[in-house]
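Notes for the structure review
Residues per chain, in single letters:
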Amino acid sequence: MTAQPTRLERIGPETDALKDVSPFKPSLVRTVFRDVTPMHVSRSATWAAASVTRTVLTEIIDAARKAAAEEARKKLIPRDLLSAIDRNVELEVGGKWYDHSPTFKGLNGVMYDAEGVIVPPRKRSRSRRPSGVAGAHRFEAGVKQLLRNQGVTAVPAMVRDLDGIASVFLTDLARDAAMVVREGGVKRFGTVTLVTSDERDPSPSPSPSLKDSLGALSTRRGDARTIGRDDVLAATTIQLFGDIRQQALAEAHAATQSYSLTRLVAGPPAAGEIADPPPVREIDRQG
């Protein structure tokens, strides 16, 4: 008998290797991107965006959990969210949600228009551009999974706040990734290090490989109609700063590498997404 050829097992985006990347499904991420841009989104860009969002929400929940633990609670309340952000300014993301949520009422300061008239919060948050506020409920399942992962629960108001922050953050990330594609790179790239006056040894700098990859994001090469992984990573450098930015970038790198390992035996792209563009070889710069 003729030996049957070995069949490769089909590994799609819902396999165990990729399922652990983020509780936010690729279909949800693609929907958010479609809300803000008509550009195509590659598979690796989808996973990178999901991973970055997971990292941010995980850190917020962890900080809120620690605040609740000080009062011997395992059920998070909105006050824990405020404590988390107050203790770590790096967690202050998804700002458009703050104007919508009762949790942040009275904490956002006063905004004036060009004539010196106070702008009411409701009017302040109105915009024709999608902000992610309306679609916040879509993130509830993922947020609850992250809460379970840390062994805590949350009151409905806290869940809504986490949903809203996740939705607004991912919407802003998608918008910035599209901007990176349009402008051909990050035009406001930089780093910020916060140190007190009595600290002699600031936080250690990123590893050379990660630092080099961040610098390379300032100039984009590739398909001008497709948002790729590096565009999402570049957008991450705009949205985040400090330790959480380094962590989000590192975890997104790891997530997309896991995706790449399964790519050869993966199925065809799902509806609404395209395969990743071929890698572009960088030309060594001599300065």
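Sequence positions are assigned chain by chain, starting from 1 and proceeding in written order. Totals for whole chains, interfaces and linings use all residues, but because this is a predicted model, local features are given only for residues with pLDDT of at least 70 and pairs of side-chain atoms are given and counted only at 80 or more. Values reported for side chains reflect all heavy atoms of the structure, with hydrogen atoms and water molecules removed beforehand.

Regarding unusual backbone geometry
If you check the backbone angles, alanine 72 has positive phi at about 60° while not being a glycine. Each helix corresponds to a stretch of at least 4 residues labelled H or I by DSSP, and each strand to a stretch of at least 2 residues labelled E; elements are numbered beginning at the N terminus. Within the secondary structure layout, alanine 72 lies in the loop between helix 3 (43-69) and strand 2 (75-76).

Concerning the pattern of salt bridges
Take a side-chain nitrogen of Lys or Arg and a carboxyl oxygen of Asp or Glu: if they are within 4 Å of each other, that pair is a salt bridge. For the structure shown, the criterion picks out twelve salt bridges. Arginine 87 is the partner of glutamate 70 in a salt bridge, and the nearest nitrogen-oxygen pair spans 2.9 Å. Highlighted residues: glutamate 70 in the loop between helix 3 and strand 2 and arginine 87 in helix 4 (residues 78-87), separated in sequence by 17 residues. Type-normalised accessible area, obtained with a 1.4 Å probe on protein chains alone, sets the label of each residue: buried when under 20%, exposed when over 50%, and partly exposed for intermediate values. Judged by relative accessible area, glutamate 70 falls into the exposed class, the value being 57%. The partner of aspartate 172 in a salt bridge is arginine 175, with the nearest N and O atoms 3.4 Å apart. Linking aspartate 172 with arginine 175, this pair stays in helix 8 (residues 156-183), spanning three residues, or about one helical turn.

Here we look at the confidence of the model for the chain
Overall, the prediction assigns the chain a mean pLDDT of 76, with 61% of residues at 70 or greater. Each residue carries a pLDDT score, the predictor's confidence in it, ranging from 0 to 100. Any two residues whose heavy atoms approach within 4.5 Å at even a single point are treated as in contact. Counting interchain partners and residues more than four positions distant, the pLDDT-below-50 stretch residues 189-209 has twelve contacts. Counted against residues more than four places away or in other chains, residues 278-287, with its pLDDT under 50, gives six contacts.

A short note on the side chain of arginine 245
Positionally, arginine 245 belongs in helix 11 (residues 242-263). Positive residues here are Lys and Arg, negative ones are Asp and Glu, while His and the chain termini are left out of the count. Despite its burial, arginine 245 pairs with no opposite charge, the nearest such side chain being glutamate 90 at 9.0 Å. Looking at arginine 245, its side chain comes within polar contact range of the main-chain oxygen of threonine 237, at 2.9 Å. In protein, a polar contact requires one atom able to donate a hydrogen and another able to accept it; more generally it is a pair of N or O atoms within 3.5 Å, and residues adjacent in sequence count only if both atoms are side-chain atoms.

Considering helix 2 (residues 26-36)
Residues of helix 2 that are buried include every one of Pro26, Leu28, Val29, Arg30, Val32 and Phe33, and no others. Where helix 2 is buried, its residues contact strand 1 (40-41), helix 3, helix 8, strand 4 (226-227) and helix 10 (229-239).

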